[in-house]
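# Descriptive structure summary
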Amino acid sequence: MNLLSLYLQEPYTFVMGGRFLSDESWSHMDRTIEDYELIIGVSGVIFIEVNGLMYEVKEGDVLLLEPGERHRGYKLSQPGVSFYWFHFLLPEQASSAEAESYGQIPRYARCPNPNRVHILARQLLHAGSGGYRIGRAGDYFLTTLLIELAEQLQDADEYSALNPQLPELLEWIRLHAQSKDISVEKIADQMGYNKDYLSRMFKKRFGVGVLGYIHRLKLDAAKEALTGTNLHIKEVAALVGIKDDKQFAKWFKRLAGVTPTSYRREFRLTKLNKE
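These numbers come from a predicted model, not from an experiment.

### Points about the overall build of the chain
Looking only at helices and strands, one finds 9 helices and 11 strands in the chain. Overall, the C-alpha framework of the chain stretches about 70 × 50 × 30 Å when taken along its three principal axes. The proportion of buried residues among the 275 residues of the chain is 43%. Considering only contacts within the chain whose residues lie at least 6 apart along the sequence, 75% involve residues at least 24 apart.

### A word on the sheet that holds strand E5 (residues 46-50)
Strand order across the open sheet formed by 4 strands is E3-E8-E5-E6, with antiparallel pairing between neighbours. Where the open sheet ends on each side, the last strands, each with one partner, are strand E3 (31-32) and strand E6 (53-57). Relative to E6, E5 runs antiparallel, the two sharing 5 bridges. Note that in E6 the partner of Val50 across the bridge is Leu53.

### Regarding the confidence of the model for the chain
The predicted model of the chain averages 88 in pLDDT, with 92% of residues at 70 or higher. Residue range residues 271-275 is modelled with pLDDT below 50. Its contacts to residues more than four positions away, or to other chains, number 0 contacts.

### Looking at the side chain of Ser82
Assignment of secondary structure puts Ser82 in strand E9 (residues 82-89). Once you skip the residues sitting within four places of it in the chain, Ser82 turns out to touch Arg19, Phe20, Leu21, Gly41, Val42, Ser43 and Ile46.

### Structural notes on helix H3 (residues 166-176)
Turning to H3, its buried residues number three or more, namely Leu166, Leu169, Leu170, Trp172 and Ile173. One side of H3 holds all its buried residues, which, seen down the axis, span an arc of 160°. Where H3 is buried, its residues meet E6, helix H4 (184-191), helix H5 (195-206) and helix H6 (210-228).

### A look at the nonpolar core
Soluble globular proteins tend to bury their nonpolar side chains together. Ranked by internal contacts, the top residues of the largest apolar core, which has 31 residues, are Leu38, Phe86 and Phe88. The set of elements that each furnish at least two residues to this core consists of strand E1 (3-7), strand E4 (36-43), strand E7 (61-65), E9, helix H1 (114-128) and helix H2 (137-152). At 7 residues, H2 tops the list of elements feeding residues into this core. When neighbours within four sequence positions are excluded, Phe86 is seen to be in contact with Phe14, Met16, Gly17, Gly18, Tyr36, Glu37, Leu38, Ile40, Ala121, Leu124, Leu125 and Leu145.

### Things to note about the environment of Ser199
You can see Ser199 is positioned in helix H5. Expressed as a C-alpha distance, the spacing of Ser199 and Phe267, which sit 68 residues apart in the sequence, is 34 Å. Here Ser199 is in contact with Val184 and Val210, once residues within four sequence places are set aside.

### Remarks on a nonpolar patch on the surface
A cluster of nonpolar side chains, contributed by Leu8, Tyr102 and Ile147, occupies part of the molecular surface with about 260 Å² of accessible area. Assignment of secondary structure puts Tyr102 in strand E10 (residues 101-106).

### Describing the sheet that holds E7
The 5 strands are arranged E2-E9-E4-E7-E11 in an open sheet whose pairing can be described as antiparallel. Pairing within the sheet leaves two strands with one partner each, and these edge strands are strand E2 (13-21) and strand E11 (108-110). The average undirected angle you get between the axes of adjacent strands in this sheet is 15°. When E2 meets E9, the two strands line up antiparallel, connected through 8 bridges.

### Description of the packing of aromatic side chains
How two aromatic rings sit relative to each other is set out by the distance from centre to centre and by the angle between their planes. Counted according to the given criterion, the structure contains 14 aromatic pairs. On the basis of an interplanar angle of 55° and a centroid distance of 5.4 Å, the ring pair of Phe202 and Tyr213 is categorised as tilted. Of this pair, Phe202 sits in helix H5 while Tyr213 sits in helix H6, and the two are 11 residues apart along the sequence. Per residue, the accessibility class of Phe202 equals that of Tyr213, and both read buried.

### Topic: the pattern of salt bridges
Scanning all chains against the criterion turns up 11 salt bridges. For Lys58, the salt bridge goes to Glu56, with nearest N and O atoms at 3.2 Å. Put simply, Arg116 and Glu148 hold a salt bridge, and the shortest N to O gap is 2.9 Å. Taken together, the residues span a long stretch of sequence, with Arg116 in helix H1 and Glu148 in helix H2 at a distance of 32 residues.

What counts and how
Residues numbered from 1 in each chain as written. Predicted model: local features only at pLDDT ≥ 70, side-chain atom pairs only at ≥ 80, totals over all residues. Heavy atoms only, no water. Helix = DSSP H or I, 4+ residues; strand = E, 2+ residues; numbered from the N terminus. Buried < 20%, exposed > 50% of the residue type's maximum accessible area, 1.4 Å probe, protein only. Contact = heavy atoms within 4.5 Å. Pairing = 2+ DSSP bridges. pLDDT = per-residue confidence, 0-100. Arc of directions from axis to C-beta. Core = buried A, V, L, I, M, F, W, Y, C linked by side-chain atoms within 4.5 Å. Patch = residues over 30% accessible without salt bridge, like charges linked within 9 Å, V, L, I, M, F, W, Y side chains within 5 Å. Areas by Shrake-Rupley, 256 points an atom, 1.4 Å probe, with all protein chains shown as cover. Salt bridge = Lys/Arg side-chain N within 4 Å of Asp/Glu carboxyl O. Axes fitted to C-alpha atoms, helices over the stretch in contact; angles between N-to-C directions. Phe/Tyr/Trp six-rings, centres within 6.5 Å; stacked < 30°, edge-to-face > 60°.

And the structure:
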């Protein structure tokens, strides 16, 4: 499925739905269902494989699954991941050759105005749990949500599934980000990419360059070492692949806005105040 056509001769049938929130690392179960499912990202990233294709559903993203499609998590999501999920069925007229389509919803896209979508999702959950005395209220709120998505996404570019090599690429970068000799050239050689293609593809897909992503990983590792260990600043620098502690201090302040020493002190004071 690339596009879901929208038929409005009668409302879509709401089956069930909810908002998922995990306070621990989580991965989607491996399953196949017999109805449509709409997933709307709220926070974090849901890593989901559908019939062998891999998707990353972030805040404001939508992903549609068809009946009979096997789907599962292919990577753990971090604590705090949250999304709306709705199972539904098409109206009977949708199978008619004479049925008129009023719009289409891509399988995988980003909403320009996710707040409107989240409001309708909450209203749908309220209606679906019996919040209205009017029969089929959930069906009509579901149909309204689908209309909103079709309206917002009519001119949106459909996202493509991840290149199957991308999770392997990201994992290799994560494992080697702290190396002193890490470079775009080395990553490209390791993964069999052309250097220029890798840079363009990575920036387009993730919104940050390869080096920017590496610096982000190094910074996260440095912050963790500063707040979770008693390592000297020079040792923390070496840990993230920066030999000179003065260079490390300048690099850290440029990315984090404070010096490593100030970050360590301020974090520990904040922790003490919370305890």
